[in-house]
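Analysis of the macromolecular model
As a plain string of letters, each chain reads:
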Amino acid sequence: MTEKIIILDFGSQVTQLIGRRLRELNVYCEIFPYNKCPEMDGSVKGVILSGSPCSVKDANAPSVNLDGIKGRIPVLGICYGAQYLAFKYGGNVDGSLAREYGRAMLDVVADAPLFQGVKSRSQVWMSHGDTISALPQGAEVIASTDDVRFAAFRFPGEDTYGVQFHPEVYHSLEGLKILSNFAIGICGCTAGWTPASFVETTVAGLKEQIGDDKVILGLSGGVDSTVAGVLLNKAIGSNLTCIFVNNGLLRKNEYESVLESYIGMGLNVIGADASEGFLSALAGVVDPEEKRRIIGRLFVETFEKYARGIENARWLAQGTIYPDVIESAGIPGIASKIKSHHNVGGLPEKMNLKIVEPLRMLFKDEVRRVGRTLGIKEELVGRHPFPGPSLAIRIIGDITREKLDILREADDIFIRGLRSYDCSEMDFPSAADPSKKAEILYDAVWQAGVILLPIKSVGVMGDERTYKNAVALRAVVSTDAMTADWFHFPYDFLSKVSDDIINKVPGVNLVVYDISSKPPSTIEWE
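No experiment lies behind these values; they were computed from the predicted model shown. (Residues numbered from 1 in each chain as written. Predicted model: local features only at pLDDT ≥ 70, side-chain atom pairs only at ≥ 80, totals over all residues. Heavy atoms only, no water.)

1. Topic: the overall build of the chain
Note the threshold: Here a strand is any run of E in DSSP of at least two residues, a helix any run of H or I of at least four, and the numbering for each starts at the N terminus. Remark: exposure states derive from per-residue accessible area (1.4 Å probe, protein chains only) relative to the maximum for the residue type, with buried under 20%, exposed over 50%, and partly exposed in between. Any pair of residues with heavy atoms lying within 4.5 Å of one another is described as a contacting pair. With residues, only the protein chains shown are counted as cover, and all accessible areas are computed by Shrake-Rupley using a 1.4 Å probe. Charged-residue counts in this description rest on Lys and Arg as positive and Asp and Glu as negative, His and the chain ends being excluded. Note on charges: their place is set at NZ of Lys, CZ of Arg, CG of Asp or CD of Glu.
Broken down by element type, the chain carries 15 helices and 20 strands. In the chain, which comprises 526 residues, the share counted as buried stands at 56%. Restricting the contact set of the chain to residue pairs at least 6 apart, pairs at least 24 apart contribute 73%. As displayed, the chain offers around 22800 Å² of accessible surface, 49% of which is attributable to carbon and sulfur atoms. Computed over 55 positive and 66 negative side-chain charges, the separation of the two mean positions in the chain equals 2 Å.

Structural data, given as structure tokens:
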């Protein structure tokens, strides 16, 4: 039975970040909506109560029954979770007192295991409108800020703690140490959740779950499906058949190069070239949602066509990862469902297939770590995310072969430039592994691409007036794609890429760089 920490989500936008931080400590955790609290069996070593956009004094404030939990196993309340502990057990929370948003300095005022080895004064990140104005009887304050007296507290005689700040965000400089103190020091977790242990237990579990049945997996060239494919191949070998669909909207030479990589890795893969059908169906379509619907429908039809040729298949494998599972659940009335579960259309039902999702408990950075443990080439493990609709949503407006050719060439120059620019002497962390320094710009960026704009620009090339296309470069840094900031490129890199695109891509005479962040923008333009 795998030991774990349970995180109860009250609707905070950064609940996933709590989970990711614990996983960084090699501590296994699971996230549940507050209203779907699981049974606290012997595997549960502790419970964390997340933040929330709500006030504990709201008429319909989210609440959870902690009977049988508090006082029996360790509990840590974060922000709303701390306010909930204070309010529920006899303290008070006030919306008229000091509010804190952003950085604050935390002073540890009492010895407590939660702050073992933490500096007596350190920076934390606050984001609260309500403030704890009185603690429950018997509870004691263990840390304060200049504006908030009860920034952290504990219940003596039990391992129950509350912190008004967010230790899970990067701006809380000793936040990881605090979470480590809770999970490893207080809860007693052994920190044995490693990529190697995951591979060992998952391969054994897949062998038992699938047996001698045959499995179909749709490969996309992305990290998730690739790692899922290699895990399944390790477990069931030739009983796995992979299908890689070419929708005619991939990057330059991507279909051929990725297919070759998969074959070289020993995967049993079918290349399904359906590009003509996709481009024909998309002709004249401008609306981005309509593009998505058409691409999704044709992908399912193509996948089904090839899948039906695989006799005795019983399972459909998917590269579902943990954020997909969490976001598919939603919390009614508090956190809206971000996405529907991404099964391949109605294919499982049509073909009477069962679903297997070997990565469903992993975050994206963990998928990469598992991929490296499996020996997958870095060029695949470290690949940037790429949108499902592919270049269709990086061409603003209707899609033509001419536009695709222009965009592919410009995009290829940009991506090759990222891969060749040496930034080892610069202070850029790797986006795929922030603990390491990036050697090339590609590794410092979370996601990058070129957008073909629906405008033309007047220019001068040689002695002639031109009227050609404009393209935008987009590159962002992020930890989870929920938020993202534009990447601060060296000027000489932007200058060279711009010159190369204009000089080498017929039809382009203007290059711009998108410096908007998410939010308020998104990573893709459509």
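From this point, the discussion proceeds with the structure in view.
2. With respect to the packing of helix H1 (residues 15–24) against helix H3 (residues 175–186)
Note the following rule: Where helices are involved, their axes are fitted lines through C-alpha atoms of the stretch in contact, as for all axes, and angles between N-to-C directions lie from 0 to 180°. Any angle between 65 and 115 degrees counts as roughly perpendicular, while under 35 counts as roughly parallel, over 145 as roughly antiparallel, and the rest as oblique. Residues are grouped as follows: Ala, Val, Leu, Ile, Met, Phe, Trp, Tyr, Cys and Pro are nonpolar; Asp, Glu, Lys and Arg are charged; every other residue, Gly included, is polar.
It is at 10 Å that the axes of H1 and H3 come closest, and there the two elements cross at 75°. With respect to H3, the axis of H1 lies roughly perpendicular. Contacts between H1 and H3 involve Arg21, Leu22 and Glu24 from the first element and Leu176, Leu179 and Ala183 from the second. Of the residues that constitute the contact of H1 with H3, the class distribution is 4 nonpolar, no polar and 2 charged.

3. A closer look at the packing of aromatic side chains
The test is simple: Ring geometry is summarised as follows: Phe, Tyr and Trp rings, the Trp one being its six-membered ring, pair when their centres sit within 6.5 Å, and such pairs are stacked at plane angles under 30 degrees, edge-to-face over 60 and tilted between the two. In our convention, an over-ring charge means Lys NZ or Arg CZ found within 6 Å of a ring centre and within 35 degrees of that ring's normal.
Scanning all chains against the criterion turns up 20 aromatic pairs. Ring centres of Phe10 and Tyr84 lie 6.0 Å apart, and the angle between their planes is 35°; this geometry places the pair in the tilted category. Taken as a pair, Phe10 in the loop between strand S1 (4–9) and H1 and Tyr84 in helix H2 (residues 80–88) lie far apart in primary sequence, 74 residues in all. Among the aromatic residues, those joined into a cluster by ring pairs are Phe414, Tyr421, Phe428, Trp486, Phe487, Phe489, Phe493 and Tyr513. Over the ring of Tyr89 we find Lys88, and its NZ or CZ is 5.7 Å from the ring centre. Seen from the ring of Tyr442, Arg419 lies directly overhead, with NZ or CZ sitting 3.8 Å from the centre.

4. Comments concerning the pattern of salt bridges
Note the following rule: The working definition used for a salt bridge is a side-chain nitrogen of Lys or Arg within 4 Å of a carboxyl oxygen of Asp or Glu.
Per the stated rule, a full pass over the model turns up 25 salt bridges. The partner of Arg121 in a salt bridge is Asp107, and the shortest N-O contact between them spans 2.8 Å. Of this pair, Arg121 sits in strand S7 (residues 121–128) while Asp107 is found in strand S6 (residues 100–108), placing the two residues 14 residues apart along the sequence. Note on Asp107: relative accessible area 21%, which makes it partly exposed. When the shortest N-O distance is used, the salt bridge between Arg251 and Asp411 registers 2.8 Å. A residue pair is termed long-range when its members are at least 10 positions apart, and Arg251 in the loop between strand S13 (240–246) and helix H6 (254–264) and Asp411 in helix H13 (residues 401–420) qualify at 160 residues. An identical accessibility class is assigned to Arg251 and Asp411; each is buried. Bridged by salt links that share partners, the residues Lys252, Glu409, Asp412 and Arg416 form one connected network.

5. Some points on H3
What counts here: To estimate how far a helix should reach, multiply one less than its number of residues by 1.5 Å.
Under the 1.5 Å per step criterion, the end-to-end length of H3 is 15 Å for 12 residues, consistent within 8% with the ideal 16 Å. If you follow the buried residues of H3, they end up packed against S1, H1, strand S3 (44–49), strand S4 (75–78) and strand S11 (160–163). In the stretch just after H3, Gly188 is the one whose phi turns positive, near 80°.

6. Notes on the side chain of Ser424
Here Ser424 shows up in the loop between H13 and helix H14 (441–444). The exposure class of Ser424 is buried, given its relative accessible area of 18%.

7. Here we look at the nonpolar core
Most often, soluble globular proteins keep nonpolar side chains buried together rather than apart. Quick reminder of the rule: Nonpolar core, defined: a set of buried Ala, Val, Leu, Ile, Met, Phe, Trp, Tyr and Cys residues in which side-chain atoms within 4.5 Å join the residues together.
Membership of the largest hydrophobic core comes to 55 residues, with the highest contact counts inside it found for Phe414, Phe489 and Ile501. Ranked by residues supplied to this core, first place goes to H13 with 8 residues. Residue contacts for Ile501: discarding those within four places in its chain leaves Ala410, Ile413, Val471, Leu473, Val508 and Val511. With 40 residues, the next largest nonpolar core counts Phe198, Leu240, Cys242 and Leu362 among its residues.

8. Description of the sheet that holds strand S16 (residues 354–356)
The pairing of strands in a sheet happens through backbone hydrogen bonds and is either parallel or antiparallel. Using the following cut-off: Pairing between two strands requires that DSSP report at least two bridges joining them.
Taken in spatial order, the 5 strands of this open sheet run S14-S13-S12-S15-S16, and their pairing is parallel. Bordering the open sheet on either side are strand S14 (269–273) and S16, each of which pairs with just one other strand. Shown here is a sheet whose adjacent strand axes are inclined to one another by a mean of 30°, direction ignored. Of the strand pairs in this sheet, strand S12 (residues 214–219) and strand S15 (residues 313–317) are connected by 4 bridges, and their pairing is parallel. The partner of Ile216 across the bridge, within S15, is Leu316. Against the sheet, helix H5 (residues 223–236) makes contact with S12, S13 and S15, and its axis sits at roughly 160° relative to S12, the strand it touches most. In this fold helix H8 (residues 288–307) packs onto S12, S13, S14 and S15, with an angle of close to 140° to the strand it touches most, S13.

9. Observations regarding the packing of helix H4 (residues 195–210) against H5
Note the threshold: Crossings are sorted by hand: turned counterclockwise from the far helix by less than a right angle, the near helix makes the crossing left-handed, and turned clockwise it makes it right-handed.
The geometry of H4 relative to H5 is characterised by a closest axis approach of 9 Å and an angle of 60° between their N-to-C directions. Relative to H5, the element H4 is oriented oblique. For the element pair H4 and H5, the recorded crossing hand is right-handed. Along its contact with H4, which presents Phe198, Val199, Thr202, Val203, Leu206, Lys207 and Ile210, the element H5 presents Leu231, Leu232, Lys234, Ala235 and Ile236.

10. With respect to the state of the cysteines
How we decide: Note on terminology: disulfide denotes any pair of cysteine sulfur atoms within 2.5 Å.
Here the structure, examined in full by the defined rule, presents 0 disulfides. Unpaired in this structure, Cys29 has its nearest cysteine sulfur neighbour in Cys189, at a distance of 9.5 Å. Cysteine Cys79 remains unbridged, with the sulfur of Cys54 as its closest cysteine sulfur at 12 Å.

11. Concerning unusual backbone geometry
Following Lys518, the chain continues into Pro519 via a peptide bond in cis, with omega recorded as -15°. As for its position among the elements, Pro519 is in the segment after strand S20 (508–513). Of note, the bond from Pro519 into Pro520 is cis; its omega dihedral lies within 30 degrees of zero at 10°. Along the chain, the position of Pro520 falls in the segment after S20. Although it is not a glycine, Asn26 sits at a positive phi angle of roughly 65°. Its location among the elements puts Asn26 in the loop between H1 and strand S2 (29–33). The backbone of Ser390 shows a phi angle near 60°, a positive value even though the residue is not glycine. Along the chain, Ser390 falls in the loop between helix H12 (378–381) and H13. A residue is classified by how much of its surface remains accessible, and Ser390, at 2% relative accessible area, is buried.

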